[in-house]
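Breakdown of the fold
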Amino acid sequence: DIQMTQSPSSLSASVGDTVTITCRASQSISRYLNWYQQKPGKAPKLLIYGSYSLQSGVPSRFSGSESGTDFTLTISSLQPEDFATYYCQQTYSTVWTFGRGTKVEIK
Amino acid sequence: EVQLVESGGGLVQPGGSLRLSCAASGFTFSSYWMSWVRQAPGKGLEWVANIKEDGSQKYYVDSVKGRFTISRDNAKNSLYLQMNSLRAEDTAVYYCARAGMAARGFWYFDLWGRGTLVTVSS
């Protein structure tokens, strides 16, 4: 199965900061990479699909990029509502896998 | 309203069985692949299983193969997960999710239920 290594596992940031979260795939997954946001007690919310396509209704401060098997989620000008846990997910193979998550906390 | 509502969770003893249901509304259920995703307490997300629109293809994570069965009834707009031989490590919130597909075949989960808690304990 394809493994997704997500880093860091947690980070502290302030409102207005730019935050970067990385996911590395264990093999090529083309652009089949999604990012989700999850807040405590809630279901995940799709942010980005196909590596860099923004889901409808998601603020433009969220962006995604890819370089080979490395994928990045960038949150520009962090807002109070962005403090949450973020997960990457690959849907390249028939067995879909998530990264272990990155918790973004308030500094 | 477009939504997914899970039910059927609860406390079950190790080795026992449970059947989860997911009721879909507000969209054409039979046009979508559907999935189950779980999250153990305080842990990350784990994809469990997928099923094709007509039920003809199913895929599972290795840890549940031979124990869990995903199925659907398009006439009832419902998705199911039959869970047998349950283990303590199956304890989790189980989410029903709709798999959307963009151009070029990029799959993603664009609609989630609120989840139902399954606790496996004696």
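An account of the accompanying structure is given in this report.

The rules behind these values
- Residues numbered from 1 in each chain as written.
- Chains lettered and ligands numbered in written order.
- Predicted model: local features only at pLDDT ≥ 70, side-chain atom pairs only at ≥ 80, totals over all residues.
- Heavy atoms only, no water.
- Helix = DSSP H or I, 4+ residues; strand = E, 2+ residues; numbered from the N terminus.
- Rg over C-alpha atoms; globule rule 2.2 N^0.38 Å.
- Buried < 20%, exposed > 50% of the residue type's maximum accessible area, 1.4 Å probe, protein only.
- Contact = heavy atoms within 4.5 Å.
- Lys, Arg positive; Asp, Glu negative; His and termini not counted.
- Charge placed at Lys NZ, Arg CZ, Asp CG, Glu CD.
- Areas by Shrake-Rupley, 256 points an atom, 1.4 Å probe, with all protein chains shown as cover.
- Pairing = 2+ DSSP bridges.
- Axes fitted to C-alpha atoms, helices over the stretch in contact; angles between N-to-C directions.
- Disulfide = S-S within 2.5 Å.
- Buried area = accessible area lost by both parts, 1.4 Å probe.
- Salt bridge = Lys/Arg side-chain N within 4 Å of Asp/Glu carboxyl O.
- Polar contact = N/O pair within 3.5 Å; in protein donor to acceptor, adjacent residues only side chain to side chain.

Secondary structure summary: chain A contains 0 helices and 11 strands in total. When the helices and strands of chain A are placed in sequence order, the string is β-β-β-β-β-β-β-β-β-β-β. The C-alpha radius of gyration of chain A comes to 13 Å, within 12% of the 13 Å expected for a compact globule of 107 residues. On the principal axes, the C-alpha backbone points of chain A span a range of 35 × 25 × 25 Å. Sorting the 107 residues of chain A into buried and exposed places 50% on the buried side. Taking contacts inside chain A between residues at least 6 apart in sequence as the whole, the part at least 24 apart equals 54%. Across chain A, 9 positive and 7 negative side-chain charges occur, with their mean positions spaced 5 Å apart.

What follows deals with the overall build of chain B. Looking only at helices and strands, chain B features 0 helices and 11 strands. In sequence order, the secondary structure elements of chain B are arranged as β-β-β-β-β-β-β-β-β-β-β. Taking 14 Å as the expected radius of gyration for a compact globule of 122 residues, we find that chain B reaches 14 Å, a close match to that expectation. Taken along its principal axes, the extent of the C-alpha atoms in chain B is 45 × 30 × 25 Å. When burial is assessed residue by residue, chain B has 48% of its 122 residues classed as buried. Considering only intrachain contacts with a sequence separation of at least 6, the fraction spanning at least 24 residues in chain B is 53%. Counting only carbon and sulfur atoms, one obtains 46% of the accessible surface of chain B, whose full area is about 5500 Å². Positive and negative charge centroids in chain B, built from 13 and 10 side chains respectively, lie 2 Å apart.

Attention shifts here to the sheet that holds strand E7 (residues 68-73) of chain B. Sheet strands pair via backbone hydrogen bonds, and the direction of the pair is either parallel or antiparallel. Residues and elements named next belong to chain B. Spatially, the 4 strands line up as an open sheet ordered E1-E3-E8-E7, and their pairing is antiparallel. A strand with exactly one partner marks an edge of an open sheet, and here the two such strands are strand E1 (3-7) and E7. Averaged over all neighbouring strand pairs, the angle between strand axes comes to 15°, with direction disregarded. Bridge count for E7 against strand E8 (residues 78-83) is 6 bridges, and the pairing is antiparallel. The residue of E8 that forms the bridge with Ile70 is Leu81.

The tally for this structure, following the rule as stated, stands at 2 disulfides over all chains. What pairs with A:Cys23 in a disulfide is A:Cys88, and their sulfur atoms sit 1.7 Å apart. A residue pair is termed long-range when its members are at least 10 positions apart, and A:Cys23 in strand E3 (residues 19-25) and A:Cys88 in strand E9 (residues 85-90) qualify at 65 residues. By the burial criterion, A:Cys23 is buried, and A:Cys88 matches it. Residue pairing for B:Cys22: its cysteine sulfur links by disulfide to B:Cys96, the two sulfurs lying 2.1 Å apart. Where B:Cys22 bonds to B:Cys96 through sulfur, the torsion about that S-S bond is close to -70°, and the disulfide is left-handed.

Turning our attention to the pairing of strand E2 (residues 10-13) of chain A. Residues and elements named next belong to chain A. Burial along E2 is one-sided: Leu11 and Ala13 are buried, and none of Ser10 and Ser12, which face the opposite way, are. Relative to strand E11 (residues 102-106), E2 runs parallel, the two sharing 4 bridges. Following the sheet pairing, Ser12 is matched in E11 by Glu105.

With that out of the way, let us pick up the interface of chain B and chain A. Contacts between the two partners involve 24 residues from chain B, matched on the other side by 22 residues from chain A. By the criterion of area lost to chain A, the three top residues of chain B are B:Leu45, B:Trp47 and B:Phe106, representing 30% of everything that side buries. Linking chain B with chain A are 0 salt bridges, by the criterion used here. Taken together, the links from chain B to chain A amount to 7 residue pairs in polar contact (both at pLDDT 80 or more).

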